[in-house]
Amino acid sequence: SDAAPEVKARALDQLRLHLPTKWKSLQGGEALATVIDKLLKDGQTAAVGLQLVAAAGSTERIDAVVKVARDEKAPLELRKEAIRTLGKLPSEKSVDALINIGAPKNPLSVECVNALAGLLPGGPKPPAFATKALESLQLAVTLESATPEIKSAALAALAGNRAGTVWLLDAHQKGDLPKALVAEAGRLLRNSPFQGERNRALLL
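Note that this is a predicted model, so its numbers are computed, not measured. (Residues numbered from 1 in each chain as written. Predicted model: local features only at pLDDT ≥ 70, side-chain atom pairs only at ≥ 80, totals over all residues. Heavy atoms only, no water.)

## Some words on the overall build of the protein chain
Right, so step 1: Scanning the protein chain for helices and strands turns up 12 helices and 0 strands.
Right, so step 2: Each helix and strand of the protein chain, placed in order from N terminus to C terminus, yields the pattern α-α-α-α-α-α-α-α-α-α-α-α.
Right, so step 3: Along the three orthogonal principal directions, the C-alpha set of the protein chain runs to about 60 × 35 × 30 Å.
Right, so step 4: Here the protein chain holds 204 residues, and 42% of them are scored as buried. (Helix = DSSP H or I, 4+ residues; strand = E, 2+ residues; numbered from the N terminus. Buried < 20%, exposed > 50% of the residue type's maximum accessible area, 1.4 Å probe, protein only.)

As C-alpha cells, this is what we get:
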C-alpha cells in the first residue's frame with residue numbers, strides 16, 4: 001500500500017517471522033498471493049517477495065523462483081536470494097533446480113550447495129527429494145573435479161544433518177572420505193549436535 005517505508009518494512013518483517021507459524025492460515029490466501037506477485041514484478045522489491053515465498057513455503061511458485069535464479073541479467077544478490085528460497089521449498093523440483101544451477105562451477109555453486117542443506121532428510125522415512133539432496137551433496141564431497149570451496153560447503157551441509165553425519169562417519173571408516181577433508185570433517189563432527197554420532201566421531 002502507500003504506507004510509510006518504515007511501516008512497510010516492519011509489516012514485512014512480521015510476515016517473514018509469523019507466516020511459517022501462527023499466521024500459517026494466510027499461506028494459501030489470495031491476499032498474500034497478490035502481495036507476493038506485486039513484489040516479484042518489481043526489481044526493487046523482488047528480494048522481499050522471494051523471502052515471503054520462502055516463509056510461506058509456496059512450492060507452487062518454484063518455477064517463478066527458478067526463473068529469477070537463472071536470469072543472468074538479474075543482480076547476483078537477487079539470484080542468490082532465489083537460491084536461498086529454493087532451499088526452503090521442499091520439492092524435487094527445488095532439488096533438481098539447485099543441482100542444475102550449481103553445476104558446472106559458477107558464482108552460484110556454493111550458494112546452491114548451502115541451499116541443498118535445507119532439503120536434507122529430517123526423519124527415518126525421508127521423501128525422495130531429501131534423499132536426492134543427500135546424494136548430490138555426497139557426490140560433491142567425493143567428486144575429484146569439485147573445487148575445495150564446493151567440497152567444504154558440502155561437507156558442512158552434511159555435518160549439520162544426522163543422515164549426512166552418519167554417511168560421513170561411514171565414509172571415513174571405509175576410507176572413502178577424501179584425505180584432504182578428514183581434518184575438517186573431524187573438527188565438525190566432534191562438535192556434532194547429534195550425541196551418538198559425536199561420540200562415534202570422537203572414537204574415530
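On we go from here.
## Quick look at the pattern of salt bridges
Right, so step 1: Counted by the stated rule, this structure contains 10 salt bridges.
Right, so step 2: Among the ionic pairs, K80 bridges to E77, the shortest N-O distance being 4.0 Å. One end of the pair, K80, and the other, E77, are both in helix α5 (residues 76-86), 3 residues apart, so they sit about a helical turn from each other.
Right, so step 3: Overall, K80 belongs to the buried group, its relative accessible area being 18%.
Right, so step 4: Among the residues examined, E77 registers a relative accessible area of 52% and is labelled exposed.
Right, so step 5: With its nearest N and O atoms 2.6 Å apart, the salt bridge here joins D96 to K132. Within this pair, whereas D96 is found in helix α6 (residues 92-102), its partner K132 is found in helix α8 (residues 128-142), the two being separated by 36 residues in sequence. (Salt bridge = Lys/Arg side-chain N within 4 Å of Asp/Glu carboxyl O.)

## Examining unusual backbone geometry
Right, so step 1: Looking along the chain, the bond that leaves A103 and enters P104 is cis, with omega of -5°.
Right, so step 2: By secondary structure assignment, the location of P104 is in the loop between α6 and α7 (109-116).

## As for the packing of helix α1 (residues 5-18) against helix α3 (residues 46-56)
Right, so step 1: Contact geometry for α1 and α3: axes closest at 8 Å, N-to-C directions at 25°. Classed by the angle they form, the pair α1 and α3 counts as roughly parallel. As for how α1 packs across α3, the hand of that crossing is left-handed. Contact residues: α1 offers L12, L15 and R16, while α3 offers V48, Q51, L52 and A55.
Right, so step 2: Tallied by class, residues from the contact of α1 with α3 come to 5 nonpolar, 1 polar and 1 charged. (Axes fitted to C-alpha atoms, helices over the stretch in contact; angles between N-to-C directions. Parallel < 35°, antiparallel > 145°, perpendicular 65-115°, else oblique. Left-handed = near helix turned anticlockwise from the far one by under 90°. Contact = heavy atoms within 4.5 Å. Nonpolar A, V, L, I, M, F, W, Y, C, P; charged D, E, K, R; others polar.)

## So, the layout of surface pockets
Right, so step 1: Approximately 440 Å³ is the volume found for the largest pocket.
Right, so step 2: Looking at the lining of the largest pocket, the elements with two or more residues in it are α1 and α2 (30-41).
Right, so step 3: Of all the elements, α1 adds the most residues to the lining of the largest pocket, at 6 residues.
Right, so step 4: Taken as a whole, the second largest pocket spans an internal volume of roughly 350 Å³.
Right, so step 5: Lining the second largest pocket are 19 residues, and of these I99, G102, A103, A140 and I150 sit closest to its centre.
Right, so step 6: Broken down by secondary-structure element, the contributors of at least two residues to the lining of the second largest pocket are α6, α7 and α8. (1 Å grid on protein atoms, 1.4 Å probe; cavity = no way out; pocket = protein on both sides within 12 Å on 5 of 7 lines; lining within 4 Å. Points joined across faces, edges and corners; volume = space filled by probe spheres on them.)

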